[in-house]
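One letter stands for each residue in the lines below.
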Amino acid sequence: MAGGGFTDSVDPKRAQLYEYRITGYFIFACIVAASGGSLFGYDLGVSGGVTSMDDFLIKFFPDVYEKKHAHLHETNYCKYDNQMLTLFTSSLYFAALIFTFAASYVTRTMGRKITILVGAGSFFIGALFNAFAQNIAMLIVGRVFLGGGIGFGNQAVPLYLSEMAPAKIRGRVNQMFQLATCIGILVANFINFGTEKLHPWGWRLSLGLATLPATIMFVGGCFLPETPNSLIERGKVEQGRKVLEKIRGTQQVDAEFDDLVEASNAAKAIKNPFQNLLLRKNRPQLVIGAIAIPAFQQLTGNNSILFYAPVIFQTMGFSNNASLFSSVITNAALVIGVLVSMAFVDRWGRRKFFIESGIEMFIIMVAVGITLSIEFGGGKPIAKGAAVFLVIFICLFVFAFGRSWGPLGWLVPSEIFPLETRSAGQSLVVFVNMLVTAIVAQCFLVSLCELRYGIFLLFAAFIFVMTVFVYFFLPETKQVPIEEIHLLWENHWFWSKIVGTGNAGREGTV
């Protein structure tokens, strides 16, 4: 036993019965589905850059534009403190957390594929609204439609990838979602770097180009197969077996198919999956997957850095072009981090990445906070040497997040819920993630103004707490068949006391 009192594998003999080959059909399905992450990523990357563009600020937020260019005697931390400006960003996430419950119903009753298509369509409409916006109201309406796309996409895509993937490579397959997210962020930063020079309509092009990933996701989604899990859950048993044979590249799928049918039979007995989440047997998934991990992922502070990287760098005294370029470098580090995680997550496991990167992120956040406390404030730009140090450390922080809390924050919740509560559980994952994202996005600039460098020390405290939480309470899930994850709780030093063992633990009570 290690760290949290669990074994690295639960039932290796059972996992070895699952046969598969990597087929072109499987690769196509995963690439198309994972492209849904690019919707989330593109918006993460584009919104922060657009809110730093002068043409955008002049049209919608002239007060912020004047404050940005004024020679203020107040601290530089407060230049972008405007609640309507942050509402432009956070409104998407408030919308997404509401839409995810509708997405849960669609995912369970109609399948993962249709949920992905609805998400792509909603995101496309939102991008058009934003590109042609004439007032703040149109911007917010566009953000609501974008939020619908994120709510549906983030609900269905991680589930789709986890259900399609063989157990032994589920980690790297699921992380294709985060890789697409990171690539979307990076592409958005390159686009902002170019469109910033197109006056006065460059920001419209940045926002409007969000229609491209939405179109790719919708057109490709029309050719996606439904997951075997979803087909069997909805009574299409024979069709589910045919799809399973096709994506596994073999007809020897009896062991995996039998597990899916057993899980489906259990799921059919559940009339209210949200209520079922409250059962004792599902308490670990509820606490770890639906609450702690999605909340902690946002409390790292990473997405605040991604939202407002151009604003942060401008606040520190960088020029507009330099701030956008620094954002490109930062997000390149994020992509590299995800690639590292994809390469090793199924070999080293989830816990090692969580804990090692958590320690690194804590040290970096403390260093950034201390540097800002010494070098920055009082209405003067930061010294060049300190600015270079901060960019390097922010890149290191994002690199650490990219190989841990970024991809694993979606991977682990998507693989630990049993079939009967999987769609409901994923809805809560998205709800909590988007709720905390929206709160952090809405409060970050005012917190930066009020707490100054202390906001980074606050994030460091959150990172410390969540690293300790993972050490004690998260068992290793690598290479465990998705329908056998429940055995982890029965062998865990703490969760076994909650769920019990054997059949008693699987039945559970409220």
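Residues numbered from 1 in each chain as written. Predicted model: local features only at pLDDT ≥ 70, side-chain atom pairs only at ≥ 80, totals over all residues. Heavy atoms only, no water.

## What to know about the overall build of the chain
- The number of helices and strands found in the chain is 27 helices and 0 strands.
- Each of the 510 residues in the chain was classed as buried or not, and the buried ones make up 63%.
- Looking at the chain alone, contacts between residues at least 24 apart form 82% of all its contacts between residues at least 6 apart.
- Accessible surface computed for the chain: about 18300 Å², of which carbon and sulfur atoms make up 67%. (Helix = DSSP H or I, 4+ residues; strand = E, 2+ residues; numbered from the N terminus. Buried < 20%, exposed > 50% of the residue type's maximum accessible area, 1.4 Å probe, protein only. Contact = heavy atoms within 4.5 Å. Areas by Shrake-Rupley, 256 points an atom, 1.4 Å probe, with all protein chains shown as cover.)

## Structural notes on the confidence of the model for the chain
- Of the residues in the chain, 86% have a pLDDT of 70 or more, and the chain-wide mean is 84.
- Element-level pLDDT for the chain is lowest in helix α27 (residues 502-507), with a mean of 46, against a maximum mean of 95 in helix α7 (residues 112-131).
- Contacts of residues 1-13 to residues separated by more than four positions or lying in other chains number 26 contacts, the stretch itself having pLDDT below 50. (pLDDT = per-residue confidence, 0-100.)

## Some words on the pattern of salt bridges
- Summed over the entire model, instances satisfying the criterion amount to 16 salt bridges.
- Close ionic contact of arginine 112 with glutamate 163 constitutes a salt bridge, the shortest N to O distance being 2.7 Å. Of this pair, arginine 112 sits in helix α7 while glutamate 163 sits in helix α8 (residues 136-164), and the two are 51 residues apart along the sequence.
- Here the residues in one salt-bridge network are Arg108, Arg112, Glu163, Glu233 and Arg422, joined through shared partners. (Salt bridge = Lys/Arg side-chain N within 4 Å of Asp/Glu carboxyl O.)

## With respect to the packing of helix α3 (residues 36-50) against helix α10 (residues 176-195)
- For the pair α3 and α10, the least separation of the axes is 6 Å and the interaxial angle reads 35°. Pair α3 / α10 crosses with right-handed handedness. Two secondary-structure elements touch here, α3 through Gly36, Gly37, Ser38, Phe40, Gly41, Tyr42, Leu44, Gly45, Val46, Gly49 and Val50 and α10 through Phe177, Ala180, Thr181, Gly184, Ile185, Ala188, Asn189, Ile191 and Asn192.
- Residue composition of the contact of α3 with α10, by class: 10 nonpolar, 10 polar and no charged. (Axes fitted to C-alpha atoms, helices over the stretch in contact; angles between N-to-C directions. Left-handed = near helix turned anticlockwise from the far one by under 90°. Nonpolar A, V, L, I, M, F, W, Y, C, P; charged D, E, K, R; others polar.)

## Overview of the packing of helix α17 (residues 283-299) against helix α22 (residues 405-416)
- One way to put it is that α17 packs onto α22 with a least axis distance of 9 Å and a crossing angle of 165°. The orientation of α17 with respect to α22, classified from their angle, is roughly antiparallel. Seen along the crossing, α17 lies across α22 with a hand that is left-handed. Across the interface between the two elements, Gln285, Ile288, Gly289, Ile293, Phe296 and Gln297 of α17 pack against Trp405, Gly406, Leu408, Gly409, Trp410, Val412, Pro413 and Ile416 of α22.
- Looking at side-chain class alone, the contact of α17 with α22 contains 9 nonpolar, 5 polar and no charged residues. (Parallel < 35°, antiparallel > 145°, perpendicular 65-115°, else oblique.)

## Quick word on the packing of aromatic side chains
- In this structure the tally under the stated criterion is 24 aromatic pairs.
- Seen from their ring centres, phenylalanine 362 and phenylalanine 464 are 5.9 Å apart, and the 50° between their planes marks the pair as tilted. On the criterion of sequence distance, the pair formed by phenylalanine 362 in helix α20 (residues 350-375) and phenylalanine 464 in helix α24 (residues 454-473) is long-range, its members being 102 residues apart.
- Using a relative accessible area of 30% as the deciding quantity, one classes phenylalanine 362 as partly exposed.
- A network of ring pairs unites the aromatic residues Phe296, Phe354, Trp405, Phe469, Phe473, Trp493, Phe494 and Trp495 as a single cluster.
- The cationic tip of lysine 59 hangs over the ring face of phenylalanine 60; the distance from NZ or CZ to the ring centre is 5.8 Å. (Phe/Tyr/Trp six-rings, centres within 6.5 Å; stacked < 30°, edge-to-face > 60°. Lys NZ or Arg CZ within 6 Å of the ring centre and 35° of its normal.)

## As for the side chain of glutamine 155
- Mapped onto the elements of the fold, glutamine 155 is located in helix α8.
- Apart from the residues lying within four places of it in its own chain, the contact partners of glutamine 155 are Thr100, Ala103, Ser104, Thr107, Thr115, Ile150, Ser423, Gln426, Ser427 and Val430.

## Remarks on the nonpolar core
- Residues Phe56 and Trp405 are the most contacted members of the largest nonpolar core, which totals 120 residues.
- Among the elements that make up this core, the one with the highest residue count is helix α23 (residues 422-451) (10 residues).
- Discounting chain neighbours no more than four positions away, the residues touching tryptophan 405 are Ile293, Phe296, Gln297, Thr300, Phe354, Met361, Met466 and Val470.
- Counting 5 residues, the second-largest nonpolar core is a separate cluster that includes Ile232, Val253, Phe257 and Leu260. (Core = buried A, V, L, I, M, F, W, Y, C linked by side-chain atoms within 4.5 Å.)

## Quick word on α8
- Look at α8: 41 Å from first C-alpha to last across 29 residues, which is about the 42 Å you get at 1.5 Å a residue.
- Along α8, the helix axis deviates most sharply at glycine 153, where the bend reaches about 25°.
- Of all the 29 residues making up α8, 22 are buried; the element is thus mostly covered by neighbouring parts of the structure. (Expected span 1.5 Å × (residues − 1). Bend = angle between axes of the 7 residues up to and from the residue.)

## Things to note about helix α21 (residues 384-402)
- Here α21 spans 27 Å end to end across 19 residues, near enough to the 27 Å set by a 1.5 Å rise per residue.
- Every buried residue of α21 is accounted for by Ala386, Ala387, Leu390, Val391, Ile394, Cys395, Phe397, Val398, Ala400, Phe401 and Gly402.

## Description of the side chain of glutamine 285
- Its place among the elements puts glutamine 285 in helix α17.
- Residues in contact with glutamine 285, not counting those within four places in the same chain, are Ala290, Ile416, Phe417, Pro418 and Trp489.

## Thoughts on unusual backbone geometry
- Note that the residue after histidine 199, namely proline 200, is joined by a cis bond; omega there is -5°.
- Mapped onto the fold, proline 200 is located in the loop between α10 and α11 (202-208).
- Positioned with a positive phi, glutamine 479 is a non-glycine residue whose angle comes to about 60°.
- When you line up the elements, glutamine 479 lands in the loop between α24 and α25 (486-490).

## With respect to a nonpolar patch on the surface
- A surface patch of nonpolar side chains, amounting to about 810 Å² of accessible area, comprises Ile359, Phe362, Ile363, Phe464, Val465, Val468, Tyr471, Phe472 and Trp493.
- Mapped by element, the contributors of at least two residues to the nonpolar patch are α20 and α24.
- Considering every element that reaches the nonpolar patch, the biggest residue donor is α24, with 5 residues. (Patch = residues over 30% accessible without salt bridge, like charges linked within 9 Å, V, L, I, M, F, W, Y side chains within 5 Å.)

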